[in-house]
Amino acid sequence: MKPTIALTKGRLEKQFLEFFKSIGYDIEPLVQKGRKLRVDTADCQFVFAKGVDVTTYVEHGIADLGIVGEDVLTEFQPDVYNLFPLPFGNCRMALAIEEGKQLPNRKRKIASKYPAITKEYFKQKGESVDIVKLEGSVELAPILGLADGIVDIVETGTTLKENGLIVKEEIHQYSARCIANRSSLKIKRDTLHPIIQSLQKGAVIK
Ligand SMILES: Nc1ncnc2c1ncn2[C@@H]1O[C@H](COP(=O)(O)OP(=O)(O)OP(=O)(O)O)[C@@H](O)[C@H]1O
Ligand SMILES: O=P(O)(O)OC[C@H]1O[C@H](OP(=O)(O)OP(=O)(O)O)[C@H](O)[C@@H]1O
């Protein structure tokens, strides 16, 4: 049986394919997949899902391995093996505010797609905040007066800059990670070993 790998759709998918090709795997069936969500290559079966769902498929053993952002692992704390970092998906989590403004001297309102990371960050600082959960375009929240600041992913900084925001504090650096189902790793050791080895070796070389 081929190993099943759950791959985060979108940004990480594109970067993973480049990486997978660079370490010698045939990605043609993946490039040609169209809207298919399950695709076989010579070596593996791939399923495509949103990041948090990747962790769910791996946690339940439907996928043996997963490729997911470390931000998702930190936010949702799935019960999986967090195996090793991959050389793509680099970004940072940061607290950002409007340029030229300060956080107010009252209980702060912070908007984020990552309420658990936000809560933990302010808890470490000994501060209780009101968290407003958003699903995207988080940079809008301070501009429109919904929040005093945001906790969000920053890569190039373009989205912050073009919306008049600046990083006030960096919280964490992240990359993509390879995760594994706990029992697959034991039961399917022989099937998984070669692919894990080459992903890990490729990640070190890059
Ligand atoms: N601007 C970015 N630059 C680099 N990596 C990013 C960036 N934004 C997100 N990421 C990383 O890529 C992963 C997938 O992000 P992506 O934007 O494709 O999906 P998402 O925003 O989490 O969900 P959605 O599918 O709703 O857009 C994130 O979990 C994070 O690790
Ligand atoms: O620093 P940058 O390179 O500009 O990237 C950062 C932006 O990318 C992500 O959003 P995404 O594009 O996933 O859209 P979303 O806001 O709808 O989640 C993230 O939430 C930031 O908004």
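This one's a predicted model, so the numbers in the text were calculated from it and none came from an experiment. (Residues numbered from 1 in each chain as written. Chains lettered and ligands numbered in written order. Predicted model: local features only at pLDDT ≥ 70, side-chain atom pairs only at ≥ 80, totals over all residues. Heavy atoms only, no water.)

Asker: What am I meant to see in the domain arrangement of the protein chain here?
Answerer: For an interface, size is often stated in terms of accessible area lost upon the parts coming together. Splitting the protein chain by domain gives domain 1 (4–89 + 175–205) and domain 2 (91–173). Using only C-alpha atoms to locate each centre, domain 1 and domain 2 end up separated by 29 Å. Contact between domain 1 and domain 2 buries roughly 570 Å² in total, counting both sides, with carbon and sulfur atoms accounting for 50%. For the domain 1 face of the interface with domain 2, the top three residues by lost area are Asp71, Glu75 and Gly89, together amounting to 73%. At the junction of domain 1 and domain 2, the tally comes to 0 salt bridges. At the surface where domain 1 touches domain 2, the tally comes to 4 residue pairs in polar contact (both at pLDDT 80 or more). (Domains from an automatic or database assignment. Buried area = accessible area lost by both parts, 1.4 Å probe. Salt bridge = Lys/Arg side-chain N within 4 Å of Asp/Glu carboxyl O. Polar contact = N/O pair within 3.5 Å; in protein donor to acceptor, adjacent residues only side chain to side chain.)

Asker: What should I look at first to understand a nonpolar patch on the surface in this one?
Answerer: Taken together, the side chains of Leu140, Ile143 and Leu144 define a hydrophobic patch exposed on the protein surface, amounting to about 290 Å² of accessible area. Summarising the element assignment, Leu140 is placed in helix α6 (residues 140–144). Relative accessible area serves as the criterion here: at 43%, Leu140 is assigned to the partly exposed category. (Patch = residues over 30% accessible without salt bridge, like charges linked within 9 Å, V, L, I, M, F, W, Y side chains within 5 Å. Areas by Shrake-Rupley, 256 points an atom, 1.4 Å probe, with all protein chains shown as cover. Helix = DSSP H or I, 4+ residues; strand = E, 2+ residues; numbered from the N terminus. Buried < 20%, exposed > 50% of the residue type's maximum accessible area, 1.4 Å probe, protein only.)

Asker: I'm lost on the nonpolar core in this one. Help?
Answerer: Across soluble globular proteins, you tend to see nonpolar side chains buried next to one another. Among the nonpolar cores identified, the biggest contains 27 residues, and Phe16, Phe20, Phe46 and Leu86 are the most heavily contacted of them. Elements supplying a minimum of two residues to this core: β1 (4–8), α1 (11–22), β3 (45–49), β4 (65–69), β11 (176–180) and α9 (189–205). Listed in part, the 13 residues of the second largest apolar core include Ile97, Ile117, Val151 and Tyr174. (Core = buried A, V, L, I, M, F, W, Y, C linked by side-chain atoms within 4.5 Å.)

Asker: Help me understand the sheet that holds β11 in this model?
Answerer: Strand order in this open sheet of 6 strands is β2-β3-β1-β4-β11-β5, and the pairing throughout is mixed. The open sheet has two free edges, formed respectively by β2 (38–40) and β5 (81–85), since each of these has just one partner strand. On average, adjacent strands in this sheet sit at an angle of 25° to one another, irrespective of strand direction. Across 5 bridges, β4 lies against β11 in antiparallel orientation. By the bridge assignment, Gly69 is partnered in β11 with Ala176. Across the face of the sheet, α1 comes into contact with β1, β3, β4 and β11 while running at roughly 130° to β1. Running over the sheet, helix α3 (residues 51–59) touches β1, β3, β4 and β11 and is turned about 155° from β4. (Pairing = 2+ DSSP bridges. Axes fitted to C-alpha atoms, helices over the stretch in contact; angles between N-to-C directions. Contact = heavy atoms within 4.5 Å.)

Asker: When you look at the side chain of Thr41 in this model, what are you seeing that I'm missing?
Answerer: With respect to the element layout, Thr41 can be found in the loop between β2 and β3. Note on Thr41: relative accessible area 3%, which makes it buried. Those residues in contact with Thr41 that sit more than four places away from it in its chain are Lys2, Asp26, Pro29, Leu30 and Phe46.

Asker: What is the right way to look at unusual backbone geometry in this model?
Answerer: Where the residue is not glycine, phi is negative for most of them; where a peptide bond is considered, it is trans in most cases. Look at Gln77: it is not a glycine, yet its phi comes out positive at around 50°. Position of Gln77 among the secondary structure elements: in the loop between α4 (70–76) and β5.

Asker: Teacher, can you tell me more about a positive patch on the surface here?
Answerer: There is a patch of like positive charges on the surface, built from Lys9, Arg11, Lys14, Arg35, Lys50 and Lys113. By secondary structure assignment, the location of Arg11 is in helix α1. In this structure Arg11 comes out as exposed when scored by relative accessible area, which is 67%. (Lys, Arg positive; Asp, Glu negative; His and termini not counted. Charge placed at Lys NZ, Arg CZ, Asp CG, Glu CD.)

Asker: So what exactly am I meant to see when it comes to the side chain of Ser184 here?
Answerer: In this structure, Ser184 sits in helix α8 (residues 182–187). A distance of 2.9 Å separates the side chain of Ser184 from the side chain of Asp64, its partner in a polar contact. Not counting chain neighbours up to four residues away, the residues in contact with Ser184 comprise Asp64, Arg189 and Leu192.

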